[in-house]
Structure formats: C-alpha cells, structure tokens
Amino acid sequence: MDPNTPFIHRNLPRLLLEAREAVMQHTRPSLRDHGLSDQQWRVLRVLGEHAGESGGVETGRVAREAFLLGPSLTGVLTRMERDGLIERSRCPDDARRTVVRATAEGLRLVGALSQTIEAHYAWMEARLGKARLAQLYALLDDVIAMEQPADQGETASRFAA
C-alpha cells in the first residue's frame, strides 16, 4: 500500500470503542455509586446470568465471558471476595480448578444495577426504535461470529478464492 494513500474504510475498532465508551458513560456513575469498577461489574453480570448454576462458574469461563485476562481476573476476584460480593471454591469435579458464585450481596447489586442498565437500554430502544436496536445487535453478533477463529480448512478455503 502506498503510504500516501488514505484508508478507504472508517476505523471500525475505534468506532466500536467509542460506542462502548458512550454507552458506559451512562452506566459508570451507577457502578461507582455501588463501589464497583467496570471489570467487577462484568464479573457480577456473568455470575448473575449463571446464578442458577448451583455448582458455580469455573473461573476460565468467567474470564472469557467477562473479557478479562487471567491475571487481571485474579486481582478482581480477590477484591470482590474481600468485599463479600463473590465466593470462590474448588471445583467439585476437578480440584485443580476454581469455581465462583455471587454472594447474596453480589446478587443484590446485580438486581439493583440491572434496573438502571435496563432503563438505559429502554431509552436507547425508544430513541433508535426496536427494529434498529435489534439490527444493531444482529450486526454485532454477525461481526463477532465472522471474526471468530475458524478451523484451518475453512480459513484456507475462504482465502483461496
């Protein structure tokens, strides 16, 4: 590519980050009011979504679903356990693994914050319209699925054409 040639497409990663930050501007004040960081909220949201799983959630799954690297997750979980928001224990099926579950206080926060967050989503839906918000979700799901690592055979055939 000629270094003097401008980019043709807009900077999608930057736009996605900017959109995330715009949405989080509405969420962060509520998180801070409850003494939570963005990362702690992501962990609580994951644990709230899986609260019905009596065995807890394996930490690797929490890391994947909350988009936290292992070392960061360890620090976040340590602070959350200290604050009484989560409990950690050994996995009953594999003692080398750790499972996490939200405490009653952690689930109380999930309930309280979910009302605020859902109210913001309702506002977005009213502004964008139900169809456009659904389209946004669908497009984001499509981009995520499209960019997931594929097996080598599929990747090779896509780029062979």
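Now for a look at the structure at hand.

Re the sheet that holds strand β3 (residues 98-102)
Backbone hydrogen bonds hold the strands of a sheet together, and the pairing may be parallel or antiparallel. The strand order across the open sheet formed by 3 strands is β1-β3-β2, and the pairing between neighbours is antiparallel. Both edges of this open sheet fall to β1 (57-58) and β2 (86-90), since each of them pairs with a single strand only.

Notes on a nonpolar patch on the surface
Side chains of Leu12, Leu16, Leu128, Leu136, Leu140, Val143, Ile144 and Met146 sit close together on the surface and give an oily, nonpolar patch of about 630 Å² of accessible area. Contributions of two or more residues to the nonpolar patch are made by α1 (12-33) and α6 (130-147). If you tally residues by element for the nonpolar patch, the top one is α6, at 5 residues. Taking relative accessible area as the criterion, Leu136 reaches 36% and is therefore assigned partly exposed.

A short note on the side chain of Gln40
With respect to the helices and strands, Gln40 occurs in helix α2 (residues 38-49). The buried category is assigned to Gln40, whose relative accessible area is 7%. Those residues within four positions of Gln40 in sequence are excluded, and the remaining contacts are Gly35, Val76, Arg79, Met80 and Asp83.

Topic: the pattern of salt bridges
One pass over the full model with this rule turns up 12 salt bridges. Note that Asp38 and Arg20 form a salt bridge whose closest N and O atoms lie 3.9 Å from each other. In this pair, Asp38 is assigned in helix α2 and Arg20 in helix α1, connecting sequence segments 18 residues apart. Overall, the relative accessible area of 7% leaves Asp38 in the buried class. Across the pair Arg108 and Glu105 runs a salt bridge whose closest N-O atoms are separated by 2.8 Å. Remark: Glu105 and Arg108 occur in helix α5 (residues 104-128); sequence separation between them is 3 residues, near one turn of the helix.

Cut-offs applied
- Residues numbered from 1 in each chain as written.
- Predicted model: local features only at pLDDT ≥ 70, side-chain atom pairs only at ≥ 80, totals over all residues.
- Heavy atoms only, no water.
- Pairing = 2+ DSSP bridges.
- Helix = DSSP H or I, 4+ residues; strand = E, 2+ residues; numbered from the N terminus.
- Patch = residues over 30% accessible without salt bridge, like charges linked within 9 Å, V, L, I, M, F, W, Y side chains within 5 Å.
- Areas by Shrake-Rupley, 256 points an atom, 1.4 Å probe, with all protein chains shown as cover.
- Salt bridge = Lys/Arg side-chain N within 4 Å of Asp/Glu carboxyl O.
- Buried < 20%, exposed > 50% of the residue type's maximum accessible area, 1.4 Å probe, protein only.
- Contact = heavy atoms within 4.5 Å.

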